[in-house]
Amino acid sequence: MERVASRARTGKAALYRRWSSRAELVMDACRSTGLTAVEAPDTGALRSDVIDLMRHLAAKVASPLGGILRGLLAEMTRDPDFAKLVRESVHTVGPAALRTILERAVERGEIQPWILDSRRATVATDLLRNQFLLFGTPVADDVITDIVDDIYLPLILHPAPKRADDGTSDSLT
């Protein structure tokens, strides 16, 4: 906060009047830079929507915002309050747009409605984030299409039967 105050030519007290914590200031800065703004593409087909979204997210993390995101994720390990804010704000960026895409796919009859509330729903963006964190940027287009075609679409288009609470399989119909 001291460095921010110095750069803004103000005092820390002025910052704390607007942001109650360093985490809130950072999240507000992320929102103002567009880090948390992602529109869900609508091409009319699940595959092309997911690939377009993944390409958009890959471009976002390849920009200077990717460095900010990497810093946010590193800081999450040191500050539980900050981690909570990041999870509430940044973690949902790709998954929120992906959920919109999946809701449209349900409406078109491409996937089953229960997929929306399963862990399967965010696998594509989870794998993209993993690729970014482990291997950096740019995330190659063939990596994106491999994630979508080889892992994500088979997982949500042809899912194993949904499990009941007791661990037994349910019918897909």
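Residues numbered from 1 in each chain as written. Predicted model: local features only at pLDDT ≥ 70, side-chain atom pairs only at ≥ 80, totals over all residues. Heavy atoms only, no water.

Caption draft 1: Representation of the overall build of the protein chain. Per the secondary structure count, the protein chain includes nine helices and zero strands. Burial statistics for the protein chain: of 173 residues in total, 38% are counted as buried. Expressed as a percentage of contacts within the protein chain between residues at least 6 apart in sequence, the contacts between residues at least 24 apart total 63%. (Helix = DSSP H or I, 4+ residues; strand = E, 2+ residues; numbered from the N terminus. Buried < 20%, exposed > 50% of the residue type's maximum accessible area, 1.4 Å probe, protein only. Contact = heavy atoms within 4.5 Å.)

Caption draft 2: Structural view of the environment of Ile 144. Inspection of the secondary structure assignment puts Ile 144 in helix α9 (residues 141-157). The class of Ile 144 is buried, set by a relative accessible area of 1%. For the pair Ile 144 and Gln 131, spaced 13 residues apart in the sequence, the C-alpha separation amounts to 9.6 Å. Filtering out sequence-adjacent residues up to four positions away, Ile 144 remains in contact with Ile 51, Met 54, Arg 55, Ala 58, Leu 128 and Val 139.

Caption draft 3: Molecular detail of the nonpolar core. Of all hydrophobic cores here, the largest spans 29 residues; its most connected members are Leu 46, Val 50, Met 54, Leu 102, Tyr 152 and Ile 156. Residue assignment for this core shows that the elements contributing at least two residues are α4 (46-62), α7 (93-107), α8 (123-135) and α9. The dominant element in this core, judged by the number of residues it contributes, is α4, at seven residues. With residues near it in sequence (within four places) discarded, Ile 156 still touches Leu 46, Leu 102, Ile 111, Ile 115 and Arg 120. Of all hydrophobic cores here, the second largest spans seven residues; its members include Ala 23, Phe 82, Ala 83 and Val 86. (Core = buried A, V, L, I, M, F, W, Y, C linked by side-chain atoms within 4.5 Å.)

Caption draft 4: Region of the structure containing α9. Val 148 marks the point of greatest bend in α9, at about 30°. Those residues of α9 not exposed but buried are Ile 144, Thr 145, Ile 147, Val 148, Tyr 152, Leu 153 and Ile 156. (Bend = angle between axes of the 7 residues up to and from the residue.)

Caption draft 5: Examining the packing of α4 against α9 more closely. It is the contact of α4 with α9, at a shortest axis distance of 10 Å, that shows an interaxial angle of 135°. When the axes of α4 and α9 are compared, the pair comes out oblique. α9 is crossed by α4, and the crossing has right-handed handedness. Residue-level contacts link Leu 46, Arg 47, Val 50, Ile 51, Met 54, Arg 55 and Ala 58 of α4 to Asp 141, Ile 144, Thr 145, Ile 147, Val 148, Asp 149, Tyr 152, Leu 153, Ile 156 and Leu 157 of α9. Here the residues of the contact of α4 with α9 sort into twelve nonpolar, one polar and four charged. (Axes fitted to C-alpha atoms, helices over the stretch in contact; angles between N-to-C directions. Parallel < 35°, antiparallel > 145°, perpendicular 65-115°, else oblique. Left-handed = near helix turned anticlockwise from the far one by under 90°. Nonpolar A, V, L, I, M, F, W, Y, C, P; charged D, E, K, R; others polar.)

Caption draft 6: Quick look at the environment of Ala 140. Mapped onto the elements, Ala 140 comes out in the loop between α8 and α9. Residue class for Ala 140 comes out partly exposed when judged on its relative accessible area of 33%. For Ala 140 and Ala 58, which are 82 residues apart along the polypeptide, the C-alpha to C-alpha distance reads 8.5 Å.

Caption draft 7: Molecular detail of a nonpolar patch on the surface. Taken together, the side chains of Leu 133, Leu 134 and Phe 135 make up a nonpolar region of the molecular surface, amounting to roughly 340 Å² of accessible area. Tracing the sequence through the fold places Phe 135 in helix α8. (Patch = residues over 30% accessible without salt bridge, like charges linked within 9 Å, V, L, I, M, F, W, Y side chains within 5 Å. Areas by Shrake-Rupley, 256 points an atom, 1.4 Å probe, with all protein chains shown as cover. Salt bridge = Lys/Arg side-chain N within 4 Å of Asp/Glu carboxyl O.)

Caption draft 8: A look at the environment of Leu 85. Looking at where Leu 85 falls in the secondary structure, it is placed in helix α6 (residues 80-89). Sequence spacing of Leu 85 and Met 27 is 58 residues, and the spatial spacing of their C-alpha atoms is 7.3 Å. Once residues lying within four places of it in the same chain are set aside, the contact partners of Leu 85 are Ala 23, Glu 24 and Met 27.

Caption draft 9: Layout of the pattern of salt bridges. Throughout the structure, instances matching the rule amount to nine salt bridges. Two residues, Arg 104 and Asp 42, come together in a salt bridge whose shortest N-O distance is 3.8 Å. Residue Arg 104 is found in helix α7, and its partner Asp 42 is found in the loop between α3 (22-33) and α4; the two are separated by 62 residues along the sequence. With a shortest N-O distance of 2.6 Å, Asp 141 and Arg 55 are connected by a salt bridge.

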